[in-house]
Amino acid sequence: MLQFLTQPEEQYSIPEQCQMVIEGGCGWIQLHLPDTDEVYIRELANQLIPLCRESSAFLMLENRPELARELGLHGVHITFDSGLDAIKLREEFGPEAIIGVDVTSTDDIMKYQNADIDYLTLPASISDTSKSVIAMSAQQAGNRLPLVFQGSYYIADVLKPFMSNAAGVCTGAHILTAPDPAGYTQEFIKALSER
């Protein structure tokens, strides 16, 4: 599974970023918009919702559950520093919404085993070595939830041993710096499926 994490608007606008990765076959967009006002997010959602609907791609918003629900997005991703309670959010959102949560330890991972959470993410702030150790420890402890590694990854990183316990990757920057972002996305997804 490849989750595309939107990047600050430099070379490409966020709608352009999403269009390219969707053309490359990505079915999961995570809107990373810290400190962005609601007016802009609403305008952006009006552009992205039809694009994602047409391609059957999931569209998630970080740390703004009420806005995500109001806009009719697929769900919300909760970062480890947000202070939000993912278990309580599930009660509020109901069973249809996708809820993902950042975790930073094996204990974090295991506390969600009996909660209705869809996936867990080891964030970019954790080293790849630590991600591997945490993921292996959680697997040995009986983790049943998909574990996503977030970071600034290239395609070649997918094949490295530290990725062996990852169900997916959440990334964005290197996709956008490729000469052909749509083609690079396609190659990234192929590498993930073949490992």
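The structure this text deals with has already been given above.
On a predicted model such as this, the values are computed, not experimentally measured, just so you know.

Q: Give me the lowdown on the sheet that holds strand β7 (residues 147-150), citing residues and values where you can.
A: One closed barrel holds the eight strands; their spatial order is β1-β2-β3-β4-β5-β6-β7-β8, and the pairing between them is parallel. Neighbouring strand axes in the sheet, compared pairwise and without regard to direction, differ in orientation by 25° on average. Pairing analysis gives four bridges linking strand β4 (residues 75-78) to strand β5 (residues 98-102), with the strands arranged parallel. Each residue of the ladder has a partner; that of His77, found in β5, is Gly100. Across the sheet, helix α4 (residues 86-93) is in contact with β4 and β5; its angle to β5 comes to roughly 170°. Each of β1 (2-5) and β8 (168-171) touches helix α8 (residues 181-194); the most contacted strand, β1, lies at about 145° to it.

Q: Which residues make up the nonpolar core, and what are the values?
A: Of all hydrophobic cores here, the largest spans 62 residues; its most connected members are Ile29, Leu31, Tyr112, Leu120, Phe149 and Phe188. For this core, the element with the most residues is helix α2 (residues 38-55), which contributes seven residues. Each residue touching Phe149, except ones within four places of it in the same chain, is listed here: Leu122, Lys131, Ser132, Ala135, Phe162, Met163, Ala166, Gly168, Val169 and Cys170. One finds Leu5, Met60, Ile98 and Tyr119 within the second-largest nonpolar core, a separate group that totals seven residues.

Q: Kindly report on the pairing of β1, identifying the contributing residues and their values.
A: Because side chains alternate across β1, one face comprises the buried residues Leu2 and Phe4, and the other comprises Gln3 and Leu5, equally buried. Pairing of β1 with β8, which is carried by three bridges, proceeds in the parallel orientation. Note on β8: the bridge partner recorded for Gln3 is Cys170. Relative to strand β2 (residues 28-31), β1 runs parallel, the two being bridged by two bridges. The residue bridging Phe4 from the neighbouring strand is Ile29, located in β2. Handedness of the crossover is the feature at issue here: the chain leaves β1, passes through helix α1 (residues 14-23), returns alongside β2, and the resulting connection is right-handed.

Q: Tell me about the pattern of salt bridges, residues and numbers included.
A: Considering all chains together, one arrives at eight salt bridges under this definition. In this structure, Lys160 and Asp157 form a salt bridge, with 2.8 Å as the shortest nitrogen-oxygen distance. Exposure remark for Asp157: the relative accessible area of 10% places this residue in the buried category. Via salt bridges that share partners, Glu38, Arg42 and Glu70 belong to a single interconnected network.

Q: Requested: an account of unusual backbone geometry, with residues and values cited.
A: With a phi angle near 60°, Ser56 is a residue other than glycine that sits in the positive phi range. Tracing the backbone shows Ser56 in the loop between α2 and β3 (58-62). A relative accessible area of 61% means that Ser56 is categorised as exposed. The residue Asn63 is not glycine, and still its phi comes out positive at about 60°.

Q: Which residues make up the packing of aromatic side chains, and what are the values?
A: Inspection of every chain in the model, using the stated rule, returns five aromatic pairs. Aromatic pair Trp28 and Tyr119: ring centres 5.3 Å apart, planes at 90°, arrangement edge-to-face. Pair noted here: Trp28 is in strand β2 and Tyr119 is in strand β6 (residues 119-122), with a separation of 91 residues, a long-range link. A single burial state applies to Trp28 and to Tyr119, both of which are buried. Measuring from ring centre to ring centre gives 5.8 Å for Tyr153 and Phe162, while their planes differ by 35°; the resulting arrangement is tilted. Phe162 shares its class with Tyr153; the two are buried. Ring pairs connect the aromatic residues Trp28, Phe58 and Tyr119, which therefore count as one cluster. In this structure, Arg69 packs its charged tip against the face of Phe93, placed 4.9 Å from the ring centre.

What counts, and at which threshold
- Throughout this document, residue positions are counted from 1 along each chain, in the order its sequence is written.
- Given that the model is predicted, a residue must reach a pLDDT of at least 70 before its local features are reported, and side-chain atom pairs must reach 80 or more before they are shown or counted; all residues, however, enter totals for whole chains, interfaces and linings.
- Side-chain measures were taken over the full set of non-hydrogen atoms in the model, leaving aside hydrogen atoms and water.
- Here, a strand pair is defined by DSSP locating no fewer than two bridges between the strands.
- Helix and strand definitions follow DSSP, with helices as H or I runs of at least four residues and strands as E runs of at least two, each counted in order from the N terminus.
- Axis definition: a line fit to C-alpha positions, over the contact stretch in the case of helices; interaxial angles, taken between N-to-C directions, run 0 to 180 degrees.
- Any pair of residues with heavy atoms lying within 4.5 Å of one another is described as a contacting pair.
- In plain words, nonpolar cores are sets of buried Ala, Val, Leu, Ile, Met, Phe, Trp, Tyr and Cys residues tied together by side-chain atoms within 4.5 Å.
- Only protein chains enter the accessibility calculation, which uses a 1.4 Å probe. A residue is then buried if its area is under 20% of the maximum for its type, exposed if over 50%, and partly exposed in between.
- Crossovers are marked right-handed if the path from the first strand over the helix to the second runs clockwise, as seen with the strands pointing away from the viewer.
- The rule for a salt bridge is simple: a side-chain nitrogen of Lys or Arg has to be within 4 Å of a carboxyl oxygen of Asp or Glu.
- Pairing of aromatic rings covers Phe, Tyr and Trp, the last counted by its six-membered ring, and requires centre-to-centre distances within 6.5 Å; plane angles under 30 degrees mean stacked, over 60 mean edge-to-face, and any other angle means tilted.
- For a ring to carry a charge above it, either NZ of a lysine or CZ of an arginine must fall within 6 Å of the ring centroid while also lying within 35 degrees of the normal to the ring plane.

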